[in-house]
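Here's the letter readout for the chains.
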Amino acid sequence: MSGLCFELGEEQAAIRDMAREFAAEHLAPFAVVWDREKKFPVETMRAAAALGMGGIYVDEALGGSGLSRLDAALIIEALATGCPTIAAYISIHNMVAGMIDRYGDDAQRRRYLPKLCSMEHFASYCLTEPAAGSDAAALRTKAVLDGEHYIVNGVKQFISGAGVAEVYAVMVRTGDAGAKGISTLIIEKDMPGVSFGANEYKMGWNAQPTRQVILEDVRVPVANRLGPEGIGFKIAMAGLDGGRINIAAASLGGAQAALDKAVAYLGERKAFGKNIGQFQALQFRVADMATELEAARLLLWRAACALDEKAPEATKLCAMAKRLVTDAGFEVANQALQLLGGYGYLADYGIEKIVRDLRVHQILEGTNEIMRVIIARSLLGG
């Protein structure tokens, strides 16, 4: 993005267009069926990875694309125009790959990143527990040192990709209570003692599995710890800054697709002798919807650029963007459904799925209430 002109460079526009074309050809035509059948389209995601979307900000030497957080936001928004569920999972996968690239040692990076970047292996992020959601620093999953291994016991809740993913970035307690007692371990699917709960029945996000990750006396090599003991909460929160940008981008893409469907419908549907798009009340509504999305997009880009620049206010801006964009995205999608009337409520038109998918974006990667806490603390202290 050049200076204060808010224009994408030629390369960034090409990246966005590539992802948008992929979404139109490989995601949008199948999204409703995947939702209905709860199908996790692994081969489609591997096709996305072949275009560089499996390791968006991972070092190119390890199979990644070496792109920026702004580039990632452009990609995720574009993918979400085809299917917010799959775009969101690709965001989560990239969050884990980015954590390993940033905090892992050379051996860890060489072992895990090439297969994550190709999406031969999938990744899951494991922070939330049954009794530790917004109060993530209260997590109870315990890792006890035993020679060159940790013995890990605990349960992780609401884990996207669980049961399918091979690689799990798991936040565990290696020390005392509170954030400073948390470390991050890479746990593999086939380690003895790893099991999974049932695939949850959800309002949306049905094209990706959501399960508990159950850890019972799992022996994890000390060599699988990211960084030193005690920085796991820092790693988790750093990952979430980027995750919040991307989940906001997924909301933006889904809402834009819903608005585009609504605009097309207003140009086709006739009532009272003319196209309903000629009624001023509906014109004003779509004008407001488009304005809300454009304003949200600008804040999203601002936050992504701050994260790329490691600006002191980056965490605050990421929280602001996540709160505003996911709220606006859901509201625009819901309004688009209303504009289609009864047809908007039918699955075949695709908008009701977008509404269901976007609702959870106001909850995950930190609820929007927690985003307000982060923003308020940055302004008021405490």
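In this text, all values refer to a predicted model and were calculated from it rather than measured experimentally. (Residues numbered from 1 in each chain as written. Predicted model: local features only at pLDDT ≥ 70, side-chain atom pairs only at ≥ 80, totals over all residues. Heavy atoms only, no water.)

This part is about unusual backbone geometry. Positive phi, normally seen in glycine, also occurs at Lys 38, with a value near 50°. Along the chain, Lys 38 turns up in the loop between α2 (31-37) and α3 (42-50). Of note, Asp 217 is a non-glycine position whose phi angle comes to about 50°, a positive value. Structurally, Asp 217 can be placed in strand β7 (residues 210-221). (Helix = DSSP H or I, 4+ residues; strand = E, 2+ residues; numbered from the N terminus.)

Below, the discussion takes up the pattern of salt bridges. Proximity of charged atoms lets side chains of opposite charge pair with each other. Scanning the model with the defined rule gives 19 salt bridges in all. We note a salt bridge from Arg 297 to Glu 294, for which the minimum N-O separation is 3.0 Å. Of the two residues, Arg 297 and Glu 294 both sit in helix α8 (residues 280-308), three residues apart, roughly one turn of that helix. With a relative accessible area of 41%, Glu 294 lands in the partly exposed category. (Salt bridge = Lys/Arg side-chain N within 4 Å of Asp/Glu carboxyl O. Buried < 20%, exposed > 50% of the residue type's maximum accessible area, 1.4 Å probe, protein only.)

Let us look at helix α10 (residues 351-359). Counting buried positions along α10 gives eight out of nine residues, so the element sits mostly inside the fold. All of the buried residues in α10 are Ile 351, Glu 352, Lys 353, Ile 354, Val 355, Arg 356, Asp 357 and Leu 358. Packed against the buried residues of α10 are α2, α5 (84-103), α7 (232-268) and α9 (314-339). (Contact = heavy atoms within 4.5 Å.)

Moving on to a nonpolar patch on the surface. A grouping of Tyr 343, Leu 346 and Tyr 349 is seen on the molecular surface, where their side chains present a nonpolar patch of about 270 Å² in accessible area. Structurally, Tyr 349 is set in the loop between α9 and α10. Given a relative accessible area of 36%, Tyr 349 falls into the partly exposed group. (Patch = residues over 30% accessible without salt bridge, like charges linked within 9 Å, V, L, I, M, F, W, Y side chains within 5 Å. Areas by Shrake-Rupley, 256 points an atom, 1.4 Å probe, with all protein chains shown as cover.)

What follows concerns the state of the cysteines. Across all of its chains, the model carries zero disulfides by this definition. The structure places no disulfide on Cys 117, whose sulfur is separated from the nearest cysteine sulfur, that of Cys 126, by 19 Å. Taking the relative accessible area as the measure of exposure, Cys 117 reaches 3% and is therefore buried. With no disulfide of its own, Cys 305 lies closest to Cys 318 among cysteine sulfurs, the gap being 11 Å. (Disulfide = S-S within 2.5 Å.)

When the terminal C-alpha atoms of helix α4 (residues 69-80) are compared, their 16 Å separation across twelve residues agrees well with the 16 Å that a helix rising 1.5 Å per residue should span. For α4, the tally of buried residues reaches twelve of twelve residues, placing the bulk of the element in the interior. Among all positions of α4, only Arg 69, Leu 70, Asp 71, Ala 72, Ala 73, Leu 74, Ile 75, Ile 76, Glu 77, Ala 78, Leu 79 and Ala 80 are buried. Buried residues along α4 sit against α1 (10-27), α5, α7 and α8. (Expected span 1.5 Å × (residues − 1).)

Turning our eyes to something else, we now look at the nonpolar core. Formed by 93 residues in total, the largest nonpolar core has its most connected members in Leu 79, Val 152 and Ile 187. With sequence-adjacent residues up to four places away left out, Leu 79 is seen in contact with Ala 19, Phe 22, Ala 23, Leu 27, Met 53, Ala 87 and Ile 90. Counting 33 residues, the second-largest nonpolar core is a separate cluster that includes Tyr 125, Leu 127, Ala 169 and Ala 238. (Core = buried A, V, L, I, M, F, W, Y, C linked by side-chain atoms within 4.5 Å.)

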